[in-house]
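In case you want the letters, here they are:
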Amino acid sequence: MISKLFRFITKSAVWFVIITFGLVLFFKWVPVPITPLMVIRYFEDDSPKILKHDWQPIENISKNLQLAVICSEDQNFLKHNGFDIKAIEKAYQNNKKGKRVKGASTISQQTAKNVFLWPQRSWLRKGLEAYFTFLIELTWSKQRIMEVYLNSIEMGNGIYGAEAAAQHWFKKSAVKLTKLEASAIAAILPNPRKYKANPVTNYIASRKRWIINQMNFYGVLNYKMKDE
């Protein structure tokens, strides 16, 4: 009985790795048509029953927006291997001191969660998030991770991805977003269903200024130079 159970668990684990690795490889080249978050949000009781999502290649997404989300969400994105250890340690110390709980999720982790998993917090989801983060960092380039991230994340109530967000907030394509517009979209990412990129509140305006300062300090975004 125990040996049968062991074989079942072993086979299940092997098939899980094969299927998930194959799925990650598949999305290395193929656009992600829909994510679990999109489906969950659509069927929530307070959902506006809107789902706007228009996949665009990275070349059709403004470098301003790419840099804005890096400066806002994960300034070490091009340097780490999916996990920002210093940020995790800092968040742990802040939380240990009883300060406001702060996360340390990288863009890679957020991409793994958005594309392959569900939004609710749990140890199981965090474990799977780490697993998928490892896989996408192993098989995707940083540019591909950014491409999937900017096409999948929530950027408004029922608005997903850079193109839908640019059209919704500024009535233009994502490739034409200015630094000010890109910083406004990046500023609402912590709670895109609550905040608005246009017109902005005083709080979002303050976040915009901080993000723009970080963008000016960061300089030119260059994937190849950083990846080498």
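Since this is a predicted model, take the numbers as computed values, not measurements.

Visitor: Pulling in residues and values, what's your account of the environment of Thr35?
Guide: Mapped onto the elements, Thr35 comes out in the loop between helix H1 (2-26) and helix H2 (36-43). With a relative accessible area of 3%, Thr35 lands in the buried category. Taking the C-alpha atoms as reference points, Thr35 and Val115, 80 residues apart in sequence, are found 5.2 Å from one another. Here Thr35 is in contact with Asn114, Val115 and Ser152, once residues within four sequence places are set aside.

Visitor: Would you mind going over the side chain of Ser152 in detail, with residue names and values included?
Guide: With respect to the secondary-structure elements, Ser152 resides in helix H7 (residues 142-152). Ser152 sits in the buried class, given a relative accessible area of 1%. Within the structure, the side chain of Ser152 is placed 2.7 Å from the backbone oxygen of Val148, a separation counted as a polar contact. Setting aside anything within four residues of it in sequence, one finds Ser152 in contact with Val32, Thr35, Met38, Trp55, Val115, Tyr160 and Gly161.

Here is what the cut-offs are and how they apply
Residues numbered from 1 in each chain as written. Predicted model: local features only at pLDDT ≥ 70, side-chain atom pairs only at ≥ 80, totals over all residues. Heavy atoms only, no water. Helix = DSSP H or I, 4+ residues; strand = E, 2+ residues; numbered from the N terminus. Buried < 20%, exposed > 50% of the residue type's maximum accessible area, 1.4 Å probe, protein only. Contact = heavy atoms within 4.5 Å. Polar contact = N/O pair within 3.5 Å; in protein donor to acceptor, adjacent residues only side chain to side chain.

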